[in-house]
Amino acid sequence: MTEHVKIFEVGPRDGLQNLNQLVATEDKIKLVDMLSNCGFSNIETTSFVSPKWVPQMADAANVMAGISKRDGTTYSALTPNMRGYEAAIGSGVDEVAIFGSASEAFSQKNINCSIEEGFSRFTPIIERAKIDKCNVRGYISCVTDCPYDGATDPDQVIRVAVRLLDMGCYEISLGDTIGAATIETTHRLISSVLNYMPSNALAGHFHDTNNAALENIGVCLEAGIRTFDSAIGGLGGCPYAEGAKGNVDTVAVVNMLHEMKYETGVKTEKLDKAAAFARSLGEN
Ligand code: HMG
Ligand code: MG
């Protein structure tokens with residue numbers, strides 16, 4: 001039987017958040033609708049963060065209001081605090097994601113608080129999400145390298161991952177925020193983390209700065225991980241990780257997986273058009 005690999009399409013959020021020019025709300029909606037038509041099971045649609053920090057995501061509620069939801073697709077958004085969570089739920093998201101970091105300096109730069117303070121912001125979100133029956137995904141940034149603190153010890157990742165899972169996240173997305181992971185560091189990370197949680201609780205989130213993302217996904221596949229984040233058109237980056245390129249390109253990941261005889265449920269004939277449209281929206 002063909003094995004399924006889940007592609008978590010993050011282009012409308014991670015892809016667009018770092019573009020220099022503001023993308024019109026109607027174009028964001030058009031992109032999400034094109035992606036819905038490609039059959040993705042998960043589309044990270046926007047983020048409910050401070051517009052002072054990330055102006056590109058200021059229209060999150062309008063994007064959510066404008067998209068045509070497809071049955072079978074989960075539309076999610078990043079929520080850094082209760083204010084973001086309430087706005088996200090009010091706008092009709094199906095799932096939220098909280099985002100922490102394995103490195104102290106990146107936590108400060110990205111969400112303006114320490115790793116520990118981050119947990120105290122996430123706790124009420126998860127408690128409320130349980131009542132609302134809303135799934136919560138957890139991101140950890142800088143899983144192998146941090147732009148400020150240098151190399152990340154896998155133990156730092158394990159500490160945050162165990163905490164997020166214990167709190168109630170259904171999945172931990174391991175973020176190579178600056179695209180610096182190598183086959184060796186990815187292998188070291190994944191084999192360490194798997195001592196503490198099963199592969200089906202993990203996702204790989206590789207930025208492609210050094211063109212190593214596909215190889216790193218290969219390492220994760222060998223270790224049993226079956227969920228990967230990618231961005232249509234390879235767009236993106238993080239405003240707080242200068243020089244980091246976009247997420248690995250969805251088209252490249254889907255093609256590689258299909259060549260490896262995995263099944264993704266993604267309609268490849270519609271992907272190229274969506275990728276061309278995503279690229280037309282701007283450059284990192
Ligand atoms: P803060 O300044 O410490 O907090 O920001 P604050 O509570 O003092 O709020 C500052 C201002 O933002 C206030 O406005 C708040 O009202 C407002 P003012 O009073 O000055 O006019 N505010 C909000 N507005 C809208 N929605 C909200 C919200 N919260 C506060 N939810 C905060 C703390 C977390 C809000 C800020 O640091 C922030 O928004 N950070 C987000 C940064 C971000 O989005 N980074 C990119 C996404 S993460 C990523 O890309 C990595 C990932 O892809 C994985 C990987 O690759 O590693 C996931
Ligand atoms: Mg990212």
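Structure shown above.
For the structure given in this document, a descriptive report is provided here. In this text the structure is predicted, and so the values were computed from the model without any measurement.

## With respect to the coordination of the magnesium ion (ligand 2)
Point 1. Binding of the magnesium ion (ligand 2) to the protein goes through Asp 14 (OD), His 205 (NE2) and His 207 (NE2), at separations of 2.1 to 2.2 Å.
Point 2. Mapped onto the polypeptide sequence, the residues donating to the magnesium ion (ligand 2) form the spacing pattern D-x190-H-x1-H. Across the pair, His 207 and His 205 agree in class, each one buried.

## With respect to the site of ligand 1
Point 1. The environment of ligand 1 is formed by 28 residues, the closest being Lys 52, Arg 83, Asn 112, Ser 141 and Thr 177.
Point 2. Taking Gln 17, its side chain carries an N or O atom lying 2.8 Å from an oxygen atom of ligand 1.
Point 3. For ligand 1, an oxygen atom lies 2.6 Å from a polar atom in the side chain of Ser 141.
Point 4. With respect to the pocket detection grid, ligand 1 is positioned in the largest pocket.
Point 5. Every element with two or more residues in the shell around ligand 1 is listed here: helix H1 (11-15), helix H4 (82-90), helix H5 (104-111) and strand S5 (135-141).
Point 6. Residue composition of the shell around ligand 1, grouped by class: 12 nonpolar, 11 polar and 5 charged.

## Overview of the packing of helix H6 (residues 115-132) against helix H7 (residues 154-167)
Any two packed helices are characterised by how steeply their axes cross, that is the angle between the axes, and by the distance between the axes.
Point 1. One can describe the packing of H6 onto H7 by two numbers: an axis separation of 10 Å at closest approach and a directional angle of 25°. When the axes of H6 and H7 are compared, the pair comes out roughly parallel. Of the two possible hands of crossing, H6 and H7 adopt the one that is right-handed. Of the residues in H7, those in contact with Ile 115, Glu 116, Phe 119, Phe 122, Thr 123, Ile 126 and Lys 130 of H6 are Val 160, Arg 163, Leu 164 and Met 167.
Point 2. Its residues assigned to classes, the contact of H6 with H7 shows 7 nonpolar, 1 polar and 3 charged.

## Let's talk about the pattern of salt bridges
Between side chains of opposite charge, pairing is possible as soon as their charged atoms come close.
Point 1. If you walk through the whole model with that rule in mind, you get 12 salt bridges.
Point 2. Here Glu 86 ties to Arg 128 by a salt bridge, and the two come within 3.4 Å at their closest N and O atoms. On the criterion of sequence distance, the pair formed by Glu 86 in helix H4 and Arg 128 in helix H6 is long-range, its members being 42 residues apart.
Point 3. By relative accessible area, Glu 86 is classed as partly exposed at 42%.

## Brief notes about the packing of helix H8 (residues 183-193) against helix H9 (residues 213-222)
Point 1. The contact between H8 and H9 brings their axes to 9 Å, and the two run at 30°. If you check the angle between H8 and H9, you find them roughly parallel. Crossing geometry of H8 relative to H9 is assigned as right-handed. When H8 is examined against H9, the residues Ile 183, Thr 186, His 187 and Ile 190 are found in contact with a partner set consisting of Glu 215, Asn 216, Val 219 and Cys 220.
Point 2. In terms of residue class, the contact of H8 with H9 is made up of 4 nonpolar, 3 polar and 1 charged.

## Some details on the side chain of Glu 95
Point 1. If you trace the backbone, Glu 95 turns up in strand S4 (residues 95-101).
Point 2. Buried Glu 95, no salt bridge; nearest opposite-charge side chain is Arg 137, N-O distance 5.0 Å.
Point 3. Leaving out residues up to four positions away in the same chain, Glu 95 has contacts with Phe 8, Asn 42, Thr 74, Tyr 75, Ser 76, Ala 77, Cys 134, Asn 135, Arg 137 and Tyr 170.

What counts and how
Residues numbered from 1 in each chain as written. Chains lettered and ligands numbered in written order. Predicted model: local features only at pLDDT ≥ 70, side-chain atom pairs only at ≥ 80, totals over all residues. Heavy atoms only, no water. Donors = N, O, S within 2.8 Å, 3.2 Å for Na, K, Ca; no water. Buried < 20%, exposed > 50% of the residue type's maximum accessible area, 1.4 Å probe, protein only. Near = heavy atom within 4 Å. Polar contact = N/O pair within 3.5 Å; in protein donor to acceptor, adjacent residues only side chain to side chain. 1 Å grid on protein atoms, 1.4 Å probe; cavity = no way out; pocket = protein on both sides within 12 Å on 5 of 7 lines; lining within 4 Å. Sits in = over half its atoms within 2 Å of the grid points. Helix = DSSP H or I, 4+ residues; strand = E, 2+ residues; numbered from the N terminus. Nonpolar A, V, L, I, M, F, W, Y, C, P; charged D, E, K, R; others polar. Axes fitted to C-alpha atoms, helices over the stretch in contact; angles between N-to-C directions. Parallel < 35°, antiparallel > 145°, perpendicular 65-115°, else oblique. Left-handed = near helix turned anticlockwise from the far one by under 90°. Contact = heavy atoms within 4.5 Å. Salt bridge = Lys/Arg side-chain N within 4 Å of Asp/Glu carboxyl O. Lys, Arg positive; Asp, Glu negative; His and termini not counted.

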